[in-house]
Amino acid sequence: MQTETQNYSFGINVAGHVTGDFGLAEAVRSTIRAIKAVGTPLAINNLHKVAGQYIDTTYTHFSEENPYPINLVHTNPNILLHDGIYNKAFENFGVEYFKDRYNIGFWFWELPKFPAEWEPAFEFFDEIWTASKYTAEAIAEVSPVPVIKIPLCLELPKISLTRANLGFPTKKFIFLYLFDFVSSFERKNAFAAVEAFQQAFDKSNEDVLLVLKFSNTDANPQRREQLNALVEGWSSIHFVEGHLRREEVYALMKNCDCYVSLHRAEGFGLTMAEAMFYGKPVIATAYSSNMDFMNVSNSFLVKYELVATTENYGAYPKGSIWAEPDVEHAAYLMKYVYENYQEAQQVGARAAEEIRFLLGPQAVGMEIKSRLECIMKRLSYSGHSPRLNQRILDLKTEIETWESQACAWRQTAEQISREIKYALN
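The rules behind the values
Residues numbered from 1 in each chain as written. Predicted model: local features only at pLDDT ≥ 70, side-chain atom pairs only at ≥ 80, totals over all residues. Heavy atoms only, no water. Helix = DSSP H or I, 4+ residues; strand = E, 2+ residues; numbered from the N terminus. Buried < 20%, exposed > 50% of the residue type's maximum accessible area, 1.4 Å probe, protein only. Contact = heavy atoms within 4.5 Å. Areas by Shrake-Rupley, 256 points an atom, 1.4 Å probe, with all protein chains shown as cover. Polar contact = N/O pair within 3.5 Å; in protein donor to acceptor, adjacent residues only side chain to side chain. Phe/Tyr/Trp six-rings, centres within 6.5 Å; stacked < 30°, edge-to-face > 60°. Patch = residues over 30% accessible without salt bridge, like charges linked within 9 Å, V, L, I, M, F, W, Y side chains within 5 Å. Salt bridge = Lys/Arg side-chain N within 4 Å of Asp/Glu carboxyl O. Pairing = 2+ DSSP bridges. Axes fitted to C-alpha atoms, helices over the stretch in contact; angles between N-to-C directions. Expected span 1.5 Å × (residues − 1).

Draft legend 1. Inspection of the overall build of the protein chain at higher detail. For the protein chain, the count of helices and strands is 13 helices and 16 strands. Here the protein chain, with 425 residues, has 53% of them falling under the buried criterion. For the protein chain, long-range pairs separated by at least 24 residues make up 72% of all intrachain contacts whose partners lie at least 6 apart in sequence. For the protein chain, the computed accessible surface area is about 19900 Å², with 51% contributed by carbon and sulfur atoms.

Draft legend 2. Representation of the side chain of Asn 46 in the model. Its place among the elements puts Asn 46 in strand β2 (residues 42–46). Within the structure, the side chain of Asn 46 is placed 2.9 Å from the backbone nitrogen of Val 18, a separation counted as a polar contact. Ignoring anything within four residues of it in the chain, the contact list for Asn 46 reads Gly 16, His 17, Val 18, Thr 19, Phe 62, Asn 92 and Phe 93.

Draft legend 3. Highlighting unusual backbone geometry. Residue Asp 100 is not a glycine yet carries a positive backbone phi of 55 degrees. As for its placement among the helices and strands, Asp 100 is situated in the loop between β5 (85–86) and β6 (102–106). Even without being glycine, Ser 184 reaches a positive phi, approximately 80 degrees. For Ser 184, a relative accessible area of 10% corresponds to the buried category.

Draft legend 4. Up close: the packing of aromatic side chains. According to the stated counting rule, one finds 38 aromatic pairs in the structure shown. A ring pair is formed by Phe 197 and Phe 201, whose centres lie 5.2 Å apart and whose planes are at 50 degrees; its orientation type is tilted. When the ring of Phe 201 is compared with that of Tyr 338, the centres are 5.5 Å apart and the planes differ by 90 degrees; the resulting orientation is edge-to-face. Placement of the pair is Phe 201 in the loop between α6 (190–200) and β10 (208–215) and Tyr 338 in helix α10 (residues 327–339), with a sequence separation of 137 residues. Accessibility expressed as a relative area gives 4% for Phe 201, which makes it buried.

Draft legend 5. Expanded view of a nonpolar patch on the surface. On the surface, a cluster of nonpolar side chains totalling about 260 Å² of accessible area is made up of Tyr 304, Leu 306 and Ile 321. Secondary-structure assignment places Leu 306 in strand β15 (residues 304–308).

Draft legend 6. Spotlight on the sheet that holds strand β11 (residues 237–241). Strand order in the open sheet formed by six strands is β11-β10-β9-β12-β13-β14, and the pairing between neighbours is parallel. Sheet topology places β11 and β14 (300–302) at the edges, where each strand pairs with a single neighbour. Adjacent strand axes in the sheet meet at a mean angle of 20 degrees, parallel and antiparallel pairs treated alike. Across the sheet, α6 is in contact with β9 (173–180), β10 and β11; its angle to β10 comes to roughly 170 degrees.

Draft legend 7. Region of the structure containing helix α1 (residues 23–37). In this model, α1 (15 residues) spans 21 Å end to end at C-alpha, consistent with the 21 Å of a helix rising 1.5 Å per residue. Counting buried positions along α1 yields twelve of 15 residues, so the element is predominantly enclosed. Taken residue by residue, α1 has Leu 24, Ala 25, Glu 26, Ala 27, Val 28, Arg 29, Ser 30, Thr 31, Ile 32, Arg 33, Ala 34 and Ile 35 as its buried positions.

Draft legend 8. Quick peek at the side chain of Glu 186. Its location among the elements puts Glu 186 in helix α5 (residues 185–188). Residues contacting Glu 186, with those up to four places away along its chain left out, are Asn 220, Arg 223, Arg 264, Tyr 313 and Trp 322.

Draft legend 9. Broad picture of the sheet that holds strand β8 (residues 147–149). Taken in spatial order, the six strands of this open sheet run β2-β1-β3-β6-β7-β8, and their pairing is parallel. The open sheet has two edge strands, β2 and β8, and neither has a second partner. With direction set aside, neighbouring strand axes in the sheet form an average angle of 25 degrees. When strand β1 (residues 12–16) meets β2, the two strands line up parallel, connected through five bridges. When the sheet's bridge partners are listed, Gly 16 is paired in β2 with Asn 46. Each of β1, β2, β3 (70–74) and β6 touches α1; the most contacted strand, β1, lies at about 160 degrees to it. Packed on one face of the sheet, helix α12 (residues 361–378) meets β1, β3, β6, β7 (127–130) and β8 and runs near 175 degrees to β7.

Draft legend 10. Examining the pattern of salt bridges more closely. With the rule as written, the count across this model stands at twelve salt bridges. Note that Arg 371 is salt-bridged to Glu 127, the shortest N-O span being 2.7 Å. Taken together, the residues Arg 371 in helix α12 and Glu 127 in strand β7 connect sequence positions 244 residues apart. With relative accessibility at 16%, the residue Arg 371 sits in the buried group. A residue is classified by how much of its surface remains accessible, and Glu 127, at 0% relative accessible area, is buried. Across the pair Arg 264 and Glu 324 runs a salt bridge, and its minimum N-O distance is 3.1 Å. Highlighted residues: Arg 264 in the loop between β12 (258–261) and α9 (270–277) and Glu 324 in strand β16 (residues 321–325), separated in sequence by 60 residues. Residues joined by salt bridges that share partners form a network here, namely Glu 26, Arg 29, Asp 56, Arg 246 and Glu 274.

Draft legend 11. Seen up close, the pairing of β10. Across the eight residues that make up β10, a large majority, eight, are buried. Sheet analysis places β9 next to β10, joined by eight bridges and oriented parallel. The residue bridging Asp 180 from the neighbouring strand is Ser 215, located in β10. In the sheet, β10 pairs with β11 via five bridges, with the strands oriented parallel. Residue pairing across strands places Lys 213 opposite Val 240, the latter belonging to β11.

Spelled out as structure tokens, the structure:
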């Protein structure tokens, strides 16, 4: 619902899945955190979509109005749109939310080619934000509006949970990988993490442990069975399945020795950034969005080749381009980190320092504030969303054209009817 009395002062309305337990929800909370860190006025509009077992209560003061002249709609087009119209995720606000506002979409995507079925959403926005250079380039290639890179921010809590609390051995060296089957099992590429570990360490090694934490296996039960078969007989590979509270997820990261992500493509790479925040050495594919904050001095980067997919993988069609990480190189790095952990810890310490500097709430908050100030200078209060207002005018013109045509058809039908009656008489 749009407020009746607009507030033309500096500020922003942020709409997103603020209470959700999934990636897009964590992303909007990150942006809200950055906005609040520098004192930018905002109204928080919670969208109807909660995934996962636990409702997040970080932010609970929601508004039913969008009083400020700028909207930031923090969800992807496939959730926002259905057959070109707004679906139930936005039903508590409706299309009126966009009227007379400067509208920004915050989108995530993982491949170099932007999906054509998302392109109709452009007409509702004046610009698009995205969290990485990699994704910005993919969107900008087809976007008729400006595309701006605004990273996510990180400010993670201190962790009191120990390995004993988590039920993990206290003396083993633990490699960790977190992923969600819904986010595409093939893209997350868990098989490669397992295969690299198996190449680096034999079954009899009792000093190391690979922990795979995952959820939503019902999205791909066949892959779950294949994962079981791959680790059969390997007591040094442990699964943590299902949804955990955020503090438990952070505890997994804080208590591991090394984080591993042999992904094929990422729209940001949040779990890698979080592990780095906690000072963990991270082994990761040197491709896609994570390269905005990872480099050879703060991470252990895995070589890869670009390949075309040979079949459809959910949202990623056959022929899509992504990375195939070098499993042998990843195995080498896993063994190297294990055998040279003092040096690896120094790499992790640099990672923590750089992540906290680059992705701190104050730093990201100032980027957002600077962009909003630029937008405010350009706004004309006669209409805050030129694209949407033009679209409304186009639709009105189209309606008038069809009404005029319908009137002409009625007149023609009436004339034909009169001629038929005259002929019959």
